[in-house]
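The primary structure of each chain is shown beneath.
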Amino acid sequence: MPRYIALLRGVSPMNCKMPELKAALENAGFSNVKTLLSSGNVAFDTRKAPEASIERKCEAAMQQALGRSFMTIVRSQQHLQELLENDPYPALGASGLPKRVVSFMRSTPQPKAALPLAMDGARLLGMVGNDIFSEYAPQADGPAFMRLIEKTFGKEITTRTWDTVRKCAAA
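The following paragraphs examine the structure supplied in this document. Everything numeric in this text was worked out from a predicted model, so none of it was measured.

**Things to note about helix α2 (residues 51-66)**
Quick reminder: α-helices carry 3.6 residues per turn. Residues three or four places apart thus point the same way. In this model, α2 (16 residues) spans 22 Å end to end at C-alpha, consistent with the 22 Å of a helix rising 1.5 Å per residue. Residues of α2 that are buried: I54, E55, C58, E59, A61 and M62. Down the axis of α2, the sector holding all buried residues measures 160°, keeping them to one side. Exposed side chains of α2 directed beyond 90 degrees from the buried face belong to R56 and Q64. Its buried side turned inward, α2 meets β1 (3-8), α1 (18-27), β3 (41-45) and β4 (72-76). Positive backbone phi, at 80°, marks G67, one or two positions downstream of α2.

**Examining the sheet that holds strand β9 (residues 157-161)**
Read across the sheet, five strands follow the order β6-β7-β8-β5-β9 without closing on themselves; strand pairing throughout is antiparallel. Edge positions in the open sheet fall to β6 (117-119) and β9, since each of these has one partner strand only. Across the sheet, the mean angle separating the axes of adjacent strands is 25° when strand polarity is ignored. Examined bridge by bridge, strand β5 (residues 99-105) and β9 share five bridges and lie antiparallel to one another. Residue pairing for β9: V101 is matched across the bridge by T161. Along the sheet, helix α4 (residues 144-153) contacts β5, β6, β7 (122-128), β8 (131-136) and β9; its crossing angle with β7, the most-contacted strand, is approximately 45°. Contacts from helix α5 (residues 162-170) reach β5, β8 and β9, with the element oriented near 90° to β9.

What counts and how
Residues numbered from 1 in each chain as written. Predicted model: local features only at pLDDT ≥ 70, side-chain atom pairs only at ≥ 80, totals over all residues. Heavy atoms only, no water. Helix = DSSP H or I, 4+ residues; strand = E, 2+ residues; numbered from the N terminus. Expected span 1.5 Å × (residues − 1). Buried < 20%, exposed > 50% of the residue type's maximum accessible area, 1.4 Å probe, protein only. Arc of directions from axis to C-beta. Contact = heavy atoms within 4.5 Å. Pairing = 2+ DSSP bridges. Axes fitted to C-alpha atoms, helices over the stretch in contact; angles between N-to-C directions.

Have a look at this one:
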């Protein structure tokens, strides 16, 4: 069976207990479920299906078991491994800012401005499919890259560091 990674938006240890999230997905029929990093990353095995169908099943399982749901974006483990192997940052003109992040979208909306874009030490480099690649330097006033991403693409996204993508791909 293929392995998938569910990337949940807005999860933290304060609003979702990982053992309960794991149980919710197991009860929905997913197997080999493993939560990662206590921040809304869940690896599991299930039959091959469209990602949108798996997303809906995850959200329904959370609603039923936890009484709430988090927006879920699913990618296959293979997709994440291919991202890492192909490392799109050099081809997109990465300048070497210290942090790399990937924002995952359910669909491919048109950005509200041409990429690349820069603001306050953050650069949106470009898109590959439904994934947005960015880099940034941490700022005292918070994550400028998130303000830039949401201004350009809206809030139907979830973002992970390149290191977290690596950990999810290995799960």
